[in-house]
Amino acid sequence: MAAIPNGQDRWRGVLSVFENAEHEFTIEAWVDAFRSWQLEFRKKFEGGVKDLTSETIEGAHLVQSAAARAEASGSGRGTRAAAEIARKIEAAEPKEVNEMARWGELEGLMAAWPDRSQTAEYQLTAAGTQAGYPRVLVDRERALYAAWYEFFPRSAEGLGTGARRFRDCLNRIDDAKAMGCT
């Protein structure tokens, strides 16, 4: 599912499912401290703020924390690169920090190891029941536009006279199939 900004503090999402079935889903959200820092630093730098020492230290700390999360996960991927970038940020001048903050490698590392310590998860709750997840029922594509028919034996032959039986309608089954009825 992709989250897309939709105004201030509002988001919308797109959920794609491909199997005809009932699916459960949830929405999980967390603050992206790195992206927030990245944007804040750029605005202050471009706004002419001279002393960005604390913002520089904050950025280095965020990257170092991501390196620690990568190491703790046991995969080790990106651990050394993130630690090295954190050291470079801490020692750099604001102009260099502003450039480093937008490096593709750094953005990839931070996206791979986000701080989810304050994650919030959406779950349905009902009085007296356990929390559950929202559900969506996926049906076949034709159900979106197909028409449903009721078959009336007395009018199947197009004759307005007398009662009809199902047996009288057997010759109309192929017509019903041709209309998409199964």
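Please refer to the structure placed before this passage.
Residues numbered from 1 in each chain as written. Predicted model: local features only at pLDDT ≥ 70, side-chain atom pairs only at ≥ 80, totals over all residues. Heavy atoms only, no water.

## A closer look at helix α1 (residues 33–46)
Here α1 contains 14 residues, and its C-alpha end-to-end distance of 20 Å stays within 8% of the 20 Å for a straight helix at 1.5 Å per residue. Among the residues making up α1, those that are buried are F34, W37, Q38 and F41. Summarising the axial view, the buried residues of α1 lie within an arc of 100 degrees, below the 170-degree limit, and thus occupy one face. Exposed side of α1, more than 90 degrees from the buried face: K43 and E46 are the residues found there. Against α2 (53–72), α4 (94–100) and α5 (104–112) lie the buried residues of α1. With its phi angle positive at about 90 degrees, G48 sits one or two positions after the end of α1. (Helix = DSSP H or I, 4+ residues; strand = E, 2+ residues; numbered from the N terminus. Expected span 1.5 Å × (residues − 1). Buried < 20%, exposed > 50% of the residue type's maximum accessible area, 1.4 Å probe, protein only. Arc of directions from axis to C-beta. Contact = heavy atoms within 4.5 Å.)

## A word on the pattern of salt bridges
A full pass over the atoms with the stated rule returns seven salt bridges. For R135, the salt bridge identified is with E24, shortest N-O distance 2.9 Å. Remark: E24 occurs in strand β3 (residues 22–24) and R135 occurs in strand β6 (residues 135–137); sequence separation between them is 111 residues. Two residues, E55 and K44, come together in a salt bridge whose shortest N-O distance is 2.7 Å. Taken together, the residues E55 in helix α2 and K44 in helix α1 connect sequence positions 11 residues apart. (Salt bridge = Lys/Arg side-chain N within 4 Å of Asp/Glu carboxyl O.)

## Here's the deal with the side chain of T79
Tracing the chain through its elements places T79 in helix α3 (residues 79–91). By relative accessible area, T79 is classed as buried at 11%. Not counting the four nearest positions on each side in its chain, T79 is found in contact with A67, A70 and E71.

## So, α2
Taking 1.5 Å of rise per residue, 20 residues should cover 28 Å, and α2 covers 28 Å from first to last C-alpha, within 8% of that figure. Taken residue by residue, α2 has E55, T56, G59, A60, L62, V63, A66, A67 and A70 as its buried positions. One face of α2 carries all of its buried residues, which in axial projection span an arc of 150 degrees. Exposed positions of α2 whose direction lies more than 90 degrees from the buried face are S54, H61, E71 and A72. Tucked inside the fold, the buried residues of α2 contact α1, α3, α4 and α5. Phi for G74, located one or two positions after α2, is positive at around 90 degrees.

## With respect to the environment of V97
You can see V97 is positioned in helix α4. In contact with V97, not counting residues within four places along its chain, are W37, F41, T56, I89 and A92.

## Regarding the packing of aromatic side chains
What the rule picks out here adds up to two aromatic pairs. Both rings, one in F34 and one in W37, keep their centres 5.8 Å apart while their planes meet at 35 degrees; by these two values the pair is tilted. Residue F34 and its partner W37 are located together in helix α1, separated by three residues, close to a single helical turn. Note on W37: relative accessible area 1%, which makes it buried. (Phe/Tyr/Trp six-rings, centres within 6.5 Å; stacked < 30°, edge-to-face > 60°.)

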